[in-house]
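Each chain, letter by letter, is given below.
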Amino acid sequence: MDRKHFIQNTALTAAGLSFLPKYSFPNMNKKTSRGLQLSFEPYNLQLKHVFTLAGSSRSTTPDMQVKIRFEGVTGHGEASMPPYLGESQESVGKFLSAINLQQFTDPFRMDEILEYVDKSAPGNTAAKAAVDIALHDLTGKLMNQPWYKIWGFSAEKTPFTSFTIGIDTPEIVRQKVREAEGFKILKVKLGRENDRQMIETIREVSGIPLCVDVNQGWKDKIFALDMIHWLKEKGVQYVEQPMPKENPEDIAWLTQNSPLPIIADEAIQRLTDVQKTIGVYSGINIKLMKCTGMREAHKMVNLARANNMKVMLGCMTETSCAISAAAQLSPVVDWADLDGNLLISNDLFKGVEVINGKITLNQVPGIGIIPL
Ligand code: MG
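Residues numbered from 1 in each chain as written. Predicted model: local features only at pLDDT ≥ 70, side-chain atom pairs only at ≥ 80, totals over all residues. Heavy atoms only, no water.

1. Let's talk about the coordination of the magnesium ion
Alright, step 1. Ligation of the magnesium ion by protein atoms is provided by Asp 213 (OD), Glu 240 (OE) and Asp 265 (OD), these donors lying 2.1 to 2.2 Å from the ion.
Alright, step 2. In this structure Asp 265 comes out as buried when scored by relative accessible area, which is 2%. (Donors = N, O, S within 2.8 Å, 3.2 Å for Na, K, Ca; no water. Buried < 20%, exposed > 50% of the residue type's maximum accessible area, 1.4 Å probe, protein only.)

As structure tokens, then:
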């Protein structure tokens, strides 16, 4: 029986402990040590709609699909590289080519492995996230459990996920709102001159709760506060990155005076950035591609909670691989914006689902995905 079938059979007989000694001492019967096998392949995500933010528009997102193999078991990971974040298929390929995971013969030494990956070069957060996600998928499969269970979270506590409506003409906005039927909250991109028109157009066709993401688009704190009061009357629940991140004094003033929570997105990337958002924002938006993956994201949730901050989980346009990885953390966040897989037309996996607007975790070990 090969290792993969051994694991599946072990799961079926519920003899979970019987295989543990084997994994505690991998390679114990082998003369030559075989470590983790990393492979990767570029992929282009096709967007269903041209996506418009306060600064740019695009119809594809470059992506890298990553695998880590160990003794017949494969973990899947992914890097998504929206151009404004500075990584590319070339930079991710270069980063992944330069690291040597074969030196590691025990995938459960995740601290050691991911610290090595992080320290191998600065930046490259999406490339690092791809390795982190693949390693979590692999180790979850080896333990035969999904990560939300390994972490001890309750599946029914997942939040609703928002569906994103980009800045567009009233006709397209109405069409997108109709397509979002079934969602319980919409995320509206603002930050251009048609902000009020965007909201009023949505209110013509739907009374659904909204959140807004300004992507740093408002430059004046008085204007921003006026807008937030108006948005609250329109059924908006929170505001993401209303003003430029370079202006923490104005944002702290806005947060103090705002009737709605103010969430940091562009202002935060990694665990070490959480400290500077305390007292400035009401909460943080955590994205795997910016924070190097699930391990650091989990630490960020805990640090934010310890400082009484709200936590939101966000994403890039991604396949169900990275979305399902992030969703493993969703039972312990306030809000989720994990719709990136629903915005593309060429997904590669079946993963967590949105049922009646709510993130619905499954029982699939690892990060909860099955290749299509
Ligand atoms: Mg945002």
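2. A closer look at the packing of aromatic side chains
Alright, step 1. A full pass over the atoms with the stated rule returns six aromatic pairs.
Alright, step 2. Through a chain of ring-to-ring contacts, three or more aromatic side chains come together here, namely Trp 147, Trp 151 and Phe 153.
Alright, step 3. The ring of Trp 230 has Arg 196 lying over it, and the distance from NZ or CZ to the ring centre is 4.7 Å.
Alright, step 4. Cation over ring: Lys 221 sits above Trp 253, and NZ or CZ is 4.7 Å from the ring centre. (Phe/Tyr/Trp six-rings, centres within 6.5 Å; stacked < 30°, edge-to-face > 60°. Lys NZ or Arg CZ within 6 Å of the ring centre and 35° of its normal.)

3. Describing the pairing of strand β9 (residues 283-287)
Alright, step 1. Most of β9 is tucked away, with five of its five residues classed as buried.
Alright, step 2. Burial along β9 is two-sided: Gly 283, Asn 285 and Lys 287 and Ile 284 and Ile 286, pointing in opposite directions, are all buried.
Alright, step 3. Note that strand β8 (residues 262-264) and β9 share two bridges and pair parallel. Residue pairing in the sheet places Ala 264 in a bridge with Ile 284 of β9.
Alright, step 4. As paired strands, β9 and strand β10 (residues 310-314) are joined by five bridges and run parallel to one another. Note that in β10 the partner of Lys 287 across the bridge is Gly 314. (Helix = DSSP H or I, 4+ residues; strand = E, 2+ residues; numbered from the N terminus. Pairing = 2+ DSSP bridges.)

4. Brief notes about the sheet that holds strand β11 (residues 335-336)
Alright, step 1. Taken in spatial order, the eight strands make up an open sheet running β4-β5-β6-β7-β8-β9-β10-β11, and their pairing is parallel. Of all strands in the sheet, those bounded by a partner on one side alone are β4 (163-165) and β11.
Alright, step 2. By the bridge criterion, three bridges tie β4 to strand β5 (residues 186-189) in an arrangement that is parallel. From the neighbouring strand, Ile 165 faces β5, where its bridge partner is Val 188.

Geometry only, nothing functional implied.
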